[in-house]
Structures are given as C-alpha cells and as structure tokens.
Amino acid sequence: MNKTVRNDLNLKLLMLSFCVAMFSLNVSADSDMSAREIMERVDEESRKSTDSAFTRMKLTTCKYGKKDGKVKCAEKPRVKLVENAQINTGIDDKDTKSVAIILEPASERGIGMLSYSYDDSDRDNETWLYLSALGKVKRISVRNSDDEETESASIFGTEMTTEDQESGKLDDYTYELLEQGKFRGRDVAVVESIPKPHRLSKSSYGKTQSWVDTERFITLKVQMFDKNSNPIKKLEVGKVEKINDVWMGRSLTFFNTVSNRLTNMKLEAINFDMDIKEDFLTQRALTDQAFREKYLKDLRKQAK
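Given the structure is predicted, the values throughout are model-derived calculations rather than measurements.

A. Here's a closer look at the overall build of the chain. Summing up its helical and strand segments, the chain has five helices and 17 strands in all. Counting contacts in the chain only where the partners sit at least 6 residues apart, residues at least 24 apart contribute 48% of the total. When the accessible surface of the chain is summed, it comes to about 16800 Å², and 49% of that surface belongs to carbon and sulfur atoms.

Printed below as a string of structure tokens:
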C-alpha cells in the first residue's frame, strides 16, 4: 500500500474514531443524569399539561380478571364523564389549581372536586369534594384519619387517589436509579422514589418505581408498594401523543392489585391556553351551579 493511500486511510480511521467517541460522549451524558435530575425533568414536563388546560375525560372502573391472557372487566364497568379546568400558579408557576366536575352519569352530575397542589414541601396540598346530593363540601386528605370531616382519598370512587395525581414536592423523596434499558421499545430509566420520614407518615406508599422515557421524559409505568414493600398498585400509560408540544398519555390505567379493581382514564379532549380565571377555581365553583355552568359554558365555547 503506498504512503498516500495509507495516510488517507489513517485519517479516515481517525475521523471515525472521533465520531464514535463523540457519540459515546453524548450517550454517556444522557445516561449520567441522576435519578433526581430525571424526576425533575418529568415534573417539568408534567406541569406543561396543567398550564391553562381544559380537559374532558372518561373514567371507567371495574373489577378485573384475565381472559386469553388479556386483562378485562369481570363485571359491568362504572363509567363517569368528567370536565376539568386547571391552571399553574405560585412562584415559577409550580403550584396548580384545578376543579373537576362530573357530567355523567346523571345521578352523579354536579359532584365536584377542587384541588390546590403546592410545590413547597412544607405546605400540604388541599382538596375538597362536593357531594351534590348532600349539598355539602368535605375536605379530602391522604392521611389515615378518624376525623369525621375527612373523606376517603379516592377520586370519585375510582382506583385513583389524590396522592396519585400529585406533582412537585420532589424534596419529600430520595431517589435511586435502579436500571436503564428498554420498555415497550423505548429507552427508559427505572427510578425508585422513597418518601422521607415526614412524608412517609402521610403517604399510602412505602416506595414507588417509575419507568421513565428518557427521550420524552414521560412516565410509562409506575409500580407502587406498601410500607412492607408489597406491590399494591400499578399505573400503565397507554397511547402517548404530542399535543401542543406536550407529550401526554391519552390513556392511563390504574390497577389495584389487592382488590383486583382497575380504573382507566381516557383523555377524550384537551385544550391549552384557555382563559381560566383563578376566581373560578374556588369552592363556589362546587356549590353554586349557576356560577359554575356560566364559566364551563364559556370554556366549552373557547374549546371549539
């Protein structure tokens, strides 16, 4: 081989080695994110889905079993149609206020839930449930309590709880990166979150493990454990879509593996950049039907 050809080959090999090294550096940089940094990105992306958003969702709950290897309802499911309005507030828009109202079935129409979620670990989230048949607002808490004014933490009788829908409060947990690999064809990191002592006292879970899509930073699966490390619930995210530059799960299913009950939440419609007044997101929206319907009618018009 002549000297010119050999030098040209060496130069190409050098360039190839450089490209491989740079690619490896990028891969290493991605994989070197700490568990805490991964969850910070998940939280950041999650907040985008609550920014002046008006949604309509269908909640389907039933006892489930397996048939032909597939999970199916073993009884007639209970179906609820819900509208939800939410905004981000507070410092750096890291707090969230939302109100959810049941539209169907007719027997439950008007039952509503008002939620204030705070990023500050020193401030407890606040949630109120309005039972239209009783005409009374009750506060919901995730704590185990004998307080008669405290309702169950279940959201509208589903397998979802107020704790399941919380965001922020990252300082309430310690995080560990358990593994990285593939899940449903996506690159994921499995992150274990363990509540710190002050959080553990008011949590239903001893730990959770989250399968996080490391490109889109959306959680694809969560396994929840009790305080004795027994698996008690899991969340599986179905179809994922990019809506208004936000990656979102259009279908989420919560499985209670103790009671063999599930709730599927299907996002039927979502609209961003809505003009949602903060004074609408108050207890008056729960108790004053005329006030509530006026605002919801306006939001429906905006959504068209």
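B. The packing of aromatic side chains, seen in detail. Here the structure, examined in full by the defined rule, presents seven aromatic pairs. Ring geometry for Y116 versus W128: centroids 5.2 Å apart, planes at 80°, classification edge-to-face. Of this pair, Y116 sits in strand β5 (residues 112-117) while W128 sits in strand β6 (residues 126-131), and the two are twelve residues apart along the sequence. With respect to class, Y116 is no different from W128; both count as buried. Here the aromatic residues F280, F291 and Y295 are joined through ring pairs into a cluster of three or more. If you follow R216 out to its NZ or CZ, it ends over the ring of W247, 4.9 Å from the centre. Lying across the ring of W211, K221 places its NZ or CZ 4.5 Å from the centre.

C. Main features of the pairing of strand β3 (residues 78-89). Counting buried positions along β3 yields ten of twelve residues, so the element is predominantly enclosed. Note that strand β1 (residues 53-67) and β3 share nine bridges and pair antiparallel. Residue pairing for β3: R56 is matched across the bridge by E83. By the bridge criterion, nine bridges tie β3 to strand β4 (residues 95-104) in an arrangement that is antiparallel. Across the sheet, residue N88 finds its bridge partner in β4, namely T96.

D. Representation of empty space enclosed by the protein in the model. Within the structure shown, the criterion is met by one cavity of 30 Å³ or more. Taken as a whole, the largest cavity encloses approximately 30 Å³ of empty space. Looking at the largest cavity, the residues that line it are F54, E83, N84, A85, V99, I101 and L296. Elements represented by at least two residues in the lining of the largest cavity include exactly β3 and β4. No other element matches β3, which puts three residues into the lining of the largest cavity. Per-class residue counts for the lining of the largest cavity are five nonpolar, one polar and one charged.

E. Region of interest: a negative patch on the surface. On the surface, D51, D92, D93 and D273 cluster together to form a negatively charged patch. Position of D93 relative to the elements: it lies in the loop between β3 and β4. Of the residues examined, D93 reaches a relative accessible area of 41% and is grouped as partly exposed.

F. Examining helix α5 (residues 289-303) more closely. Relative to the 21 Å expected for 15 residues at 1.5 Å per residue, α5 spans 21 Å between its end C-alpha atoms, a close match to the ideal helical length. Among the residues making up α5, those that are buried are F291, R292, Y295, L296 and L299. Each buried residue of α5 lies within a common arc of 120° when the element is viewed along its axis, so the set occupies one face. Seen from the open side of α5, the exposed residues pointing more than 90 degrees away from its buried face are Q289, A290, K294, K297 and K301. Tucked inside the fold, the buried residues of α5 contact β1, β3, β4 and α4 (284-287). Two to three positions downstream of the cap, the backbone nitrogen of A290 sits 3.3 Å from a side-chain oxygen, assigning the N-cap of α5 to D288.

G. Local environment of the nonpolar core. L59, V82 and F156 are the most contacted members of the largest nonpolar core, which has 29 residues in total. Excluding residues that lie within four positions of it along the chain, L59 makes contacts with R78, V79, K80, V82, F156, T158, M160, N264 and M265. The next biggest cluster of nonpolar side chains, apart from the first, holds 20 residues, and it includes V99, L281, L286 and L299.

H. The layout of surface pockets, seen in detail. The space that makes up the second largest pocket amounts to roughly 340 Å³. Taken together, 20 residues form the lining of the second largest pocket, with D43, E44, R47, D93 and K94 sitting closest to its centre. Per-element accounting of the lining of the second largest pocket gives the leading share, six residues, to helix α2 (residues 35-48). Here the lining of the second largest pocket is composed, by residue class, of three nonpolar, three polar and 14 charged.

I. Representation of the environment of E192. Note that E192 resides in strand β10 (residues 186-195). For E192, the side chain forms a polar contact with the side chain of Q209, separated by 2.9 Å.

J. How the structure looks around α2. With 14 residues, α2 should reach 20 Å at 1.5 Å per residue; the first-to-last C-alpha distance of 21 Å fits that figure. For α2, the complete set of buried residues consists of A35, I38, M39, V42, D43, E45 and R47.

Definitions and cut-offs
- Residues numbered from 1 in each chain as written.
- Predicted model: local features only at pLDDT ≥ 70, side-chain atom pairs only at ≥ 80, totals over all residues.
- Heavy atoms only, no water.
- Helix = DSSP H or I, 4+ residues; strand = E, 2+ residues; numbered from the N terminus.
- Contact = heavy atoms within 4.5 Å.
- Areas by Shrake-Rupley, 256 points an atom, 1.4 Å probe, with all protein chains shown as cover.
- Phe/Tyr/Trp six-rings, centres within 6.5 Å; stacked < 30°, edge-to-face > 60°.
- Buried < 20%, exposed > 50% of the residue type's maximum accessible area, 1.4 Å probe, protein only.
- Lys NZ or Arg CZ within 6 Å of the ring centre and 35° of its normal.
- Pairing = 2+ DSSP bridges.
- 1 Å grid on protein atoms, 1.4 Å probe; cavity = no way out; pocket = protein on both sides within 12 Å on 5 of 7 lines; lining within 4 Å.
- Points joined across faces, edges and corners; volume = space filled by probe spheres on them.
- Nonpolar A, V, L, I, M, F, W, Y, C, P; charged D, E, K, R; others polar.
- Patch = residues over 30% accessible without salt bridge, like charges linked within 9 Å, V, L, I, M, F, W, Y side chains within 5 Å.
- Salt bridge = Lys/Arg side-chain N within 4 Å of Asp/Glu carboxyl O.
- Lys, Arg positive; Asp, Glu negative; His and termini not counted.
- Charge placed at Lys NZ, Arg CZ, Asp CG, Glu CD.
- Expected span 1.5 Å × (residues − 1).
- Arc of directions from axis to C-beta.
- Polar contact = N/O pair within 3.5 Å; in protein donor to acceptor, adjacent residues only side chain to side chain.
- Core = buried A, V, L, I, M, F, W, Y, C linked by side-chain atoms within 4.5 Å.

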